2 protein chains.
Amino acid sequence: MKLPASVTIKEVGPRDGLQNEKRILPAADKIAWVNRLSDTGLSYIEVSSFVHPKWIPALADAAEVFAGIERKPDVTYAALVPNLNGLERALSAGADEVNVFLSASEAHSRKNINKSIAEAVQAVKEVTQQGLAAGKQVRGYISTVFGCPYEGAVALDTVERLCEELFSFGIYEISVGDTIGVANPQQVELVLERLLRSFPAGQFAMHFHNTYGMALANVLKSLEAGITVYDSSCGGLGGCPYAPGASGNAATNDLVHMLHKMGIQTQVDEDKLLGASRLIEQKLEAALPSHVYQARKHQTVSR
Amino acid sequence: MKLPASVTIKEVGPRDGLQNEKRILPAADKIAWVNRLSDTGLSYIEVSSFVHPKWIPALADAAEVFAGIERKPDVTYAALVPNLNGLERALSAGADEVNVFLSASEAHSRKNINKSIAEAVQAVKEVTQQGLAAGKQVRGYISTVFGCPYEGAVALDTVERLCEELFSFGIYEISVGDTIGVANPQQVELVLERLLRSFPAGQFAMHFHNTYGMALANVLKSLEAGITVYDSSCGGLGGCPYAPGASGNAATNDLVHMLHKMGIQTQVDEDKLLGASRLIEQKLEAALPSHVYQARKHQTVSR
């Protein structure tokens, strides 16, 4: 098995995790958590989302959170941005990097953001151009690549075409999203075989959810395909809006642990991550889905 | 990725699952659960253990459970047996098949059964000979193959030698055990490369625990190595005696779901398995670790 020597983890817990949690935390708790995450060795944290507060009330305090965090020079603090208004707010808040998103499924796009895919592409184009003009790097999420909660199967032709468009706008990396956690390792292999025929592996990140427990198996296939960037959430926070009670994003704890066991470097300190996980579990008062966290939470660690 | 067309699941929940659960169930509950499991399409159920009740009080009622279950002709009802006394009890109870066990780690062997590995091999030899003489097939577990809670790393030379001895006694299949869930996919590949140099893949089963969330990733590597028999527990029951709060065995639900998604047949009906999982969750009054179960438990299914 051929594996990369090192991997970059993009921590999406404060955004993708918290946006799907029942309990809405005060900004101070989010700030404390982001600060703890900054201290783990993670080089990238998606701090919040500047979508309209009406859509995601849990993240209505995005500007306050950005204003409150202590920034480390070697950490990128990114923001999710849906449109030009969101971009303006993200830039005022001082987001280091802009993340845009669209869906590969027409039905999911309409239900999620009330836009067709074509309209979403147009919005992404505008935000990307303005973001780049403001001197920010722009990263793109394509969601429901491995399946849609409304349409089921998603056409790989669509995914490939969207990648082409997004890269043509100047987006430096596309996060290939398994939004509802239905991807299986064989499908991951097939999707990546297809995408890597047209684009270099270094331009992709994988974004798995652990809804059906397959996230790490899917990561394994992606590693073998040469992908070296992975999105995950501290503690495995996040749930799934389409499956009440389900696990959330791939857990940063479990992902980093598996990578380290296989000799792959991440720069993330597992003990410090345990501490950051304890903090958010206490704030949310709900057991985190991460297996490593649950197996280790009672251990004494020095920090 | 080359995958087998079909896989056999050996359900170990009633034994390996319940032996590690805090709550001790009455025999009637176990009988009801085994009967539900028999109805899912599973062809193999390890019903209980005939170790001394002093060691595992949770399974002291093994004979009563065997006497109470309704047997289906196409299901093998197996029993774990530590010694000749246990074998006698298992045979009286009408176990279809005998499972023997030993550890690949000297320290774990002594702590677990108060025997050296050499003494354990001798006991396994006696039980196997007598079991075969009684007309039963005998299956062997080797535990701590991927790591020991006391010694850490375990020598592959020892594992290979133990396989050779067990097969020479007439054991038809060895279940390669990751007792504490520390195996990682790269290690699985290395261990299987080594074992399959000397023995055919058809003589092995893999027995993973999901303590650190890697069970399905480890299954994936085993499938690619040609292994077609897997131990798992309904709902992911079992915990880990060395990590309070940790996940248990690979969950039958998650395993079967992943296999089916990849087009691999198992004969197990996922809806019926959901029903059997609900039953045991209600009896234990503790949330099952299976991801598929948690994502689907609120769904209405016809049976």
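Our structure's up above, just so we're on the same page.
Quantities reported herein were computed from a predicted structural model and do not represent experimental measurements.

Enquirer: Help me understand the overall build of chain A, please; the structure alone is not making it clear to me.
Expert: Within chain A, the regular secondary structure consists of 12 helices and 8 strands. Taken over the C-alpha trace, chain A has a radius of gyration of 18 Å; the compact-globule value for 303 residues is 19 Å, and the two agree within 12%. Counting the 303 residues in chain A, one finds 60% classified as buried. Of the contacts formed within chain A by residues at least 6 apart in sequence, a portion of 74% connects residues at least 24 apart. Approximately 11000 Å² of chain A is accessible, and the part contributed by carbon and sulfur atoms is 47%.

Enquirer: Help me understand the pairing of strand 6 (residues 173–177) of chain B in this model?
Expert: Each regular strand carries side chains that alternate between the two faces of the sheet. All names here are of chain B. Counted residue by residue, strand 6 has 5 buried out of 5 residues, so it is predominantly covered. Going residue by residue along strand 6, you find Glu173, Ser175 and Gly177 tucked away on one face and Ile174 and Val176 tucked away on the opposite face as well. One ladder, built from 4 bridges, connects strand 5 (residues 137–143) with strand 6; its direction is parallel. Its bridge partner being in strand 6, Tyr141 is matched across the sheet by Ser175. Regarding topology, helix 7 (residues 156–169) serves as the crossover connection from strand 5 to the parallel strand 6, and that connection is right-handed. Two elements, strand 6 and strand 7 (residues 204–207), share 4 bridges in a ladder whose sense is parallel. The residue of strand 7 that forms the bridge with Ser175 is Ala205. Note that the unit made of strand 6, helix 8 (residues 185–198) and strand 7 has a crossover that is right-handed.

Enquirer: I'm lost on the relation of the copies chain A and chain B in this one. Help?
Expert: What connects the two chain copies is a rotation about an axis and a shift along it. Its rotation angle being 180°, the transformation that places chain A on chain B also includes 0.0 Å of axial translation and leaves an RMSD of 0.0 Å. Taken together, these values place the two copies in the relation of a two-fold axis. The position closest to the rotation axis in chain A is occupied by the C-alpha of Ala217 of chain A, lying 2.0 Å away. Same-surface contact between copies: 100% of interface residues of chain A are shared with the interface of chain B.

Enquirer: Is there a simple way to think about helix 9 (residues 215–224) of chain B in this case?
Expert: All names here are of chain B. In terms of residue burial, helix 9 counts as a mostly covered element, since 9 of its 10 residues are buried. Those residues of helix 9 that fall on the buried side of the exposure criterion are Ala215, Leu216, Ala217, Asn218, Val219, Leu220, Lys221, Ser222 and Leu223. After helix 9 finishes, the residue Gly226 shows a positive phi value of roughly 100°.

Enquirer: Hey, could you run me through unusual backbone geometry in this one?
Expert: A negative phi holds for most residues other than glycine; trans holds for most peptide bonds. If you check the backbone angles, Gln267 of chain A has positive phi at about 70° while not being a glycine. Relative to the elements of secondary structure, Gln267 of chain A occurs in the loop between helix 10 (252–261) and helix 11 (270–284). Of note in the backbone geometry, Glu285 of chain B takes a positive phi value of approximately 50° without being a glycine. Using a relative accessible area of 61% as the deciding quantity, one classes Glu285 of chain B as exposed.

Enquirer: Sorry if this is basic, but what is going on with the interface of chain A and chain B here?
Expert: Accessible area lost upon the coming together of the parts serves often as the stated size of an interface. Contacts between chain A and chain B engage 33 residues on the former and 33 residues on the latter. In total, chain A and chain B occlude about 2800 Å² of area from one another, counting both sides; carbon and sulfur atoms represent 62% of this. A per-residue breakdown of the area chain A buries against chain B is headed by Met1, Tyr212 and His291 of chain A, which together make up 22% of the total. We note a salt bridge from Glu224 of chain B to Lys221 of chain A, for which the minimum N-O separation is 2.9 Å. Counting every contact that joins chain A to chain B gives 13 residue pairs in polar contact (both at pLDDT 80 or more). Among the elements of the structure, helix 8 (185–198), helix 9 (215–224), helix 10 and helix 12 (291–296) of chain A are those that each provide at least two residues to the side of chain A that touches chain B. For the side of chain A that touches chain B, the residue count by class is 16 nonpolar, 11 polar and 6 charged.

Enquirer: Explain the side chain of Ser233 of chain A to me, please; I cannot follow it from the model alone.
Expert: All names here are of chain A. Looking at the secondary structure, you find Ser233 in the loop between strand 8 (229–232) and helix 10. Ser233 gets classed as buried once you look at its relative accessible area, which sits at 0%. Within the structure, Ser233 has its side chain in polar contact with the backbone oxygen of Leu237 (distance 2.9 Å). Residue contacts for Ser233: discarding those within four places in its chain leaves Glu11, Val12, Gly13, Asn249, Ala250, Ala251, Thr252 and Asn253.

Enquirer: Whenever I open this one, helix 5 (residues 106–113) of chain B confuses me. Can you help?
Expert: Helical geometry note: an α-helix holds 3.6 residues per turn, so side chains three or four residues apart project in the same direction. Residue and element names in this part refer to chain B. All buried positions along helix 5 are accounted for by His108, Ser109 and Ile113. Along the long axis of helix 5, the arc covered by the buried residues comes to 100°, so they all point the same way. On its buried face, helix 5 is in contact with strand 4 (97–103), helix 6 (117–133) and strand 5. Looking one or two residues past helix 5, Asn114 carries a phi angle of roughly 60°, positive in sign.

Enquirer: Before we go on, may I ask you to explain the side chain of Ser247 of chain B in this structure?
Expert: In this fold, Ser247 of chain B is placed in the loop between strand 8 (229–232) and helix 10 (252–261). A distance of 2.5 Å separates polar atoms of two side chains, one belonging to Ser247 of chain B and the other to His291 of chain A. Among residues more than four places away in sequence, those in contact with Ser247 of chain B are His291 of chain A together with Asn210, Thr211, Gly239, Cys240 and Pro289 of chain B.

About the criteria used
Residues numbered from 1 in each chain as written. Chains lettered and ligands numbered in written order. Predicted model: local features only at pLDDT ≥ 70, side-chain atom pairs only at ≥ 80, totals over all residues. Heavy atoms only, no water. Helix = DSSP H or I, 4+ residues; strand = E, 2+ residues; numbered from the N terminus. Rg over C-alpha atoms; globule rule 2.2 N^0.38 Å. Buried < 20%, exposed > 50% of the residue type's maximum accessible area, 1.4 Å probe, protein only. Contact = heavy atoms within 4.5 Å. Areas by Shrake-Rupley, 256 points an atom, 1.4 Å probe, with all protein chains shown as cover. Pairing = 2+ DSSP bridges. Right-handed = clockwise from strand over helix to strand, strands pointing away. Least-squares fit on C-alpha atoms with pLDDT ≥ 70 in both. Buried area = accessible area lost by both parts, 1.4 Å probe. Salt bridge = Lys/Arg side-chain N within 4 Å of Asp/Glu carboxyl O. Polar contact = N/O pair within 3.5 Å; in protein donor to acceptor, adjacent residues only side chain to side chain. Nonpolar A, V, L, I, M, F, W, Y, C, P; charged D, E, K, R; others polar. Arc of directions from axis to C-beta.

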